[in-house]
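An overview of the molecular structure
As a plain string of letters, each chain reads:
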Amino acid sequence: LDVTRPTNQIDDLLPGLSLDLKQAQAGTVFDVSVASDKGAARAAVEGFVEAYNGLQKPIADATRFDAESGQAGVLLGDSTARGLVSSLRNGVVADTGLSGPLDRLVDLGITTGEDGGLDIDDARLDEALTDDFEGVAALLGGIGETFGRTATRFGGDDGLVAARSEGIEARLEDIGEQREALDRRIANLEERLRAEFGALDTLVAGLQDTGDFLSRQLSNLPTPGGGN
């Protein structure tokens, strides 16, 4: 099979295979062996675990309750946060339904720790990559689809998190309007009370003047048996 390309890079000869030709030696036959890139696969698994744990911590901090201090996370009891936590946990332990021996993350040595994060058993992962590389790829693909659906459901402009945020923002705006209305009512009440207080103060002053006048008049009345 003679193949001719305009450059030394050939990536359309075999599916998934790229050739980077270095030099030509007429009459020399070269054997090309192709092996699975276990290093890239391991890096992908480690990247997934790191990303999961990176997401798990802020969620745990926002939804936990500290019994000693009595402090509650800002999202404690929030239905959207609970749904996200449940979906993430289910994705970790879910059975992908694959027919081979690898159908769950635990089969790759990936387990859930006491803090809710993921841990990797390096020896078990290496064994899976060596014994059934294609099975590992298929499993990771299935897990990726599961978490992809979770990301679509909760993330994005139309996701549950965005909808929840919009709902909270609307409530804040409503509270702001209610606060402004309350401030106006308080200002009107204060103005009315000040007016009433001013009127009462004027009335009291008038009564005092009247009382003083009556006192003076009474003091000028003749006493019984007196000369006046």
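In what follows, the structure referred to is the one given above.
Overview of the structure.

How each quantity is defined
- Residues numbered from 1 in each chain as written.
- Predicted model: local features only at pLDDT ≥ 70, side-chain atom pairs only at ≥ 80, totals over all residues.
- Heavy atoms only, no water.
- 1 Å grid on protein atoms, 1.4 Å probe; cavity = no way out; pocket = protein on both sides within 12 Å on 5 of 7 lines; lining within 4 Å.
- Points joined across faces, edges and corners; volume = space filled by probe spheres on them.
- Nonpolar A, V, L, I, M, F, W, Y, C, P; charged D, E, K, R; others polar.
- Helix = DSSP H or I, 4+ residues; strand = E, 2+ residues; numbered from the N terminus.
- Core = buried A, V, L, I, M, F, W, Y, C linked by side-chain atoms within 4.5 Å.
- Buried < 20%, exposed > 50% of the residue type's maximum accessible area, 1.4 Å probe, protein only.
- Contact = heavy atoms within 4.5 Å.

Thoughts on the layout of surface pockets
- Computed from the structure, the largest pocket encloses a volume of approximately 530 Å³.
- Lining the largest pocket we find 13 residues, and of these Leu21, Gln23, Ala24, Phe30 and Val32 sit closest to its centre.
- Grouping the amino acids of the lining of the largest pocket by side-chain chemistry returns 7 nonpolar, 4 polar and 2 charged.
- Taken as a whole, the second largest pocket spans an internal volume of roughly 290 Å³.
- Lining the second largest pocket are 18 residues, with Gln56, Ala60, Arg89, Asp115 and Gly116 positioned closest to its centre.
- Looking at the lining of the second largest pocket, the elements with two or more residues in it are α1 (38-63), α2 (79-93) and β6 (118-120).
- Here the element with the most residues in the lining of the second largest pocket is α1; it accounts for 7 residues.
- Grouping the amino acids of the lining of the second largest pocket by side-chain chemistry returns 5 nonpolar, 6 polar and 7 charged.

Observations concerning the nonpolar core
- Ranked by internal contacts, the top residues of the largest apolar core, which has 22 residues, are Leu108 and Ile110.
- Elements with a contribution of two residues or more to this core: α1, α2, α3 (122-131) and α4 (133-154).
- Non-local contacts of leucine 108, meaning those with residues more than four positions away in its chain, are made with Leu102, Asp121, Arg124, Leu125, Ala128, Val136, Leu139 and Leu140.

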